[in-house]
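The lines below spell out each chain.
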Amino acid sequence: QAKTAGRNTVRFYDPSMQAALDRRSTLENELRHAIKRGEFTLYYQPQFDHAHRLIGAEALLRWQHPRHGLIAPEEFIPISEQTSIILPIGRWVLETACAQLAAWSHGERTRGLMLGVNVSARQFHQPEFVDQVRHVLESSRANPQRLTFELTESMVLDDVPDTIRKISTLKELGMHFSLDDFGTGFSSFSCLTRLSLDQLKIDKSFVLNLPDNGADAAIVTAIITMARSLGLNIIAEGVETEAQRVFLASQGCNAYQGHLFGRPMPVEAFEAFVSGI
Ligand code: C2E
Ligand code: MG
Ligand code: MG
Ligand code: MG
């Protein structure tokens, strides 16, 4: 087959492609053992309000691989989603984040913080999800009012009725919901109003070229205006420069996350950051 393939077709025995496939299948096998080997860790990235007050953090998963070093979620989350390893991983993230939230409830400077947790489509749409969350909240004694789940547009659209049901059940416990990477997917306006979300999170790809890129500036302005008229909070991710922050603030953005404010960091560094503010 490979021999007869003409130009402009992907050859089966492309060595670089083979190397990528090899890495992928090695990682896939190793992912199965990563939890019990204690190789996962959560980093925390601070979030600030318009008055530069620390309001919370987003928990971001990292895989400390014994040979490859720190692996970013962009590489291993897609693999785990395709193989259902995401289910135990997602559970580990939830348990670890809730344990952290419960620990922070004892600290004077950390007790008021919100914690954002990313939830994958597979994890969210499994029938046991709500029970799992209830169970983890009870056993960790974390305050659900401090917990925000970050969902993406595509997972919401996978099954809108299931999403509506789960969000409203979990909101009864006091939890909050944010729509992550907003603007990159295809959510319809009707969907947005039926979901009882608390927050829209503007994707960093729209923030990157602010304020000079006119198209991105127009999109961001429209998102903020719409969010405000729907009574939703708005947070911008990937804020790296003062010029981006100033533009977002001038359009009425109420919260910020990005390297300008602080990078994702291990819990010890995050706690030091909090006490240093
Ligand atoms: P996300 O939820 O949209 O997270 C924001 C990403 O932007 C993070 O990448 C963060 O490190 C990065 N970021 C923050 N500030 C800046 C900035 O100023 N500039 C730039 N260029 N980037 C910035 P990260 O940590 O690599 O995570 C990537 C994605 O992986 C996340 O995107 C999320 O979709 C997924 N992810 C992370 N942790 C988890 C998890 O525990 N569970 C699930 N299901 N997905 C996760
Ligand atoms: Mg997120
Ligand atoms: Mg995001
Ligand atoms: Mg993103």
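Coordinates for the structure precede this section.
Residues numbered from 1 in each chain as written. Chains lettered and ligands numbered in written order. Predicted model: local features only at pLDDT ≥ 70, side-chain atom pairs only at ≥ 80, totals over all residues. Heavy atoms only, no water.

Attention now moves to the coordination of the magnesium ion (ligand 4). Summarising the metal site, the magnesium ion (ligand 4) is bound by the protein donors Asp181 (OD) and Glu237 (OE), whose distances to it range over 2.2 to 2.6 Å. Residue Asp181 is classed as partly exposed on the basis of its relative accessible area, which comes to 24%. With a relative accessible area of 9%, Glu237 lands in the buried category. (Donors = N, O, S within 2.8 Å, 3.2 Å for Na, K, Ca; no water. Buried < 20%, exposed > 50% of the residue type's maximum accessible area, 1.4 Å probe, protein only.)

This next bit is on the coordination of the magnesium ion (ligand 2). Looking at the metal site, the magnesium ion (ligand 2) is ligated by Glu58 (OE), Asn118 (OD1), Glu150 (OE) and Asp180 (OD), spaced 2.0 to 2.2 Å from it. Sequence spacing of the donor residues for the magnesium ion (ligand 2), all on one chain, is E-x59-N-x31-E-x29-D. A separation of 3.8 Å is found between the magnesium ion (ligand 2) and the magnesium ion (ligand 3), which share Asp180 as a coordinating residue. Here Asn118, found in strand S4 (residues 114–118), pairs with Glu150, found in strand S5 (residues 147–152); they are 32 residues apart in sequence, far enough to count as distant. For Asn118, a relative accessible area of 28% gives the class partly exposed. Residue Glu150 is classed as buried on the basis of its relative accessible area, which comes to 2%. (Helix = DSSP H or I, 4+ residues; strand = E, 2+ residues; numbered from the N terminus.)

Turning our attention to the packing of aromatic side chains. The tally for this structure, following the rule as stated, stands at 14 aromatic pairs. Taken together, a centroid distance of 6.0 Å and an interplanar angle of 45° make the contact between Phe40 and Trp92 tilted. Of the two residues, Phe40 sits in strand S1 (residues 40–49) while Trp92 sits in helix H3 (residues 86–104), which places them 52 residues apart along the sequence. Ring centres of Tyr44 and Trp104 lie 5.2 Å apart, and the angle between their planes is 65°; this geometry places the pair in the edge-to-face category. One end of the pair, Tyr44, is in strand S1; the other, Trp104, is in helix H3, and 60 residues separate them in sequence. Residue classification places Tyr44 among the buried residues on the basis of a relative accessible area of 2%. Three or more aromatic residues link up through ring pairs in this structure, and these residues are Tyr44, Phe48, Trp104, Tyr256, Phe261, Phe270 and Phe273. Directly above the ring of Tyr43 sits Arg62, whose terminal nitrogen or CZ lies 5.4 Å from the centroid. In this arrangement the basic side chain of Lys166 is found over the ring face of Phe124, its NZ or CZ atom lying 5.7 Å from the centre. (Phe/Tyr/Trp six-rings, centres within 6.5 Å; stacked < 30°, edge-to-face > 60°. Lys NZ or Arg CZ within 6 Å of the ring centre and 35° of its normal.)

Here we take up the pairing of strand S8 (residues 233–236). Here strand S7 (residues 199–202) runs beside S8; their pairing, made up of four bridges, is parallel. If you follow Lys201 over to S8, its bridge partner there is Ile235. Here S8 pairs with strand S9 (residues 255–256) via two bridges, running parallel. Directly across from Ile235, in S9, lies its bridge partner Ala255. One crossover worth recording links S8 to the parallel S9 by way of helix H11 (residues 242–250), and it is right-handed. (Pairing = 2+ DSSP bridges. Right-handed = clockwise from strand over helix to strand, strands pointing away.)

Let us look at unusual backbone geometry. The peptide bond linking Leu210 to Pro211 adopts the cis configuration, its omega dihedral lying at -5°. Look at Ser84: it is not a glycine, yet its phi comes out positive at around 60°. Along the chain, the position of Ser84 falls in the loop between helix H2 (73–83) and H3. Using a relative accessible area of 30% as the deciding quantity, one classes Ser84 as partly exposed. One non-glycine residue, Arg141, adopts positive backbone phi at about 60°. Examined against the element boundaries, Arg141 turns out to sit in the loop between helix H5 (129–140) and S5.

In the vicinity of ligand 1 lie 23 residues, with Gln45, Arg62, Asp180, Glu240 and His259 positioned nearest. Within the backbone of Leu61, an N or O atom sits 3.1 Å from a nitrogen atom of ligand 1. For ligand 1, whose unbound accessible area comes to 810 Å², protein coverage reaches 85%. Of all the secondary structure elements, the ones that give two or more residues to the shell around ligand 1 are strand S2 (54–65), H2 and strand S6 (176–182). Broken down by element, the shell around ligand 1 gets its largest block of residues, four residues, from S2. (Near = heavy atom within 4 Å. Polar contact = N/O pair within 3.5 Å; in protein donor to acceptor, adjacent residues only side chain to side chain. Areas by Shrake-Rupley, 256 points an atom, 1.4 Å probe, with all protein chains shown as cover.)

A few words now on H2. Buried within H2 we find Phe76, Ile79, Ser80 and Thr83. Taken around the axis of H2, the buried residues stretch over an arc of 95°, which confines them to a single face. Residues of H2 that are exposed and point over 90 degrees away from its buried face: Glu74 and Gln82. Its buried side turned inward, H2 meets helix H1 (15–34), S1, S2, strand S3 (69–71) and H3. Looking one or two places after H2, you find Ser84, whose phi comes out positive at around 60°. (Arc of directions from axis to C-beta. Contact = heavy atoms within 4.5 Å.)

Function cannot be read off these values alone, since they describe shape.
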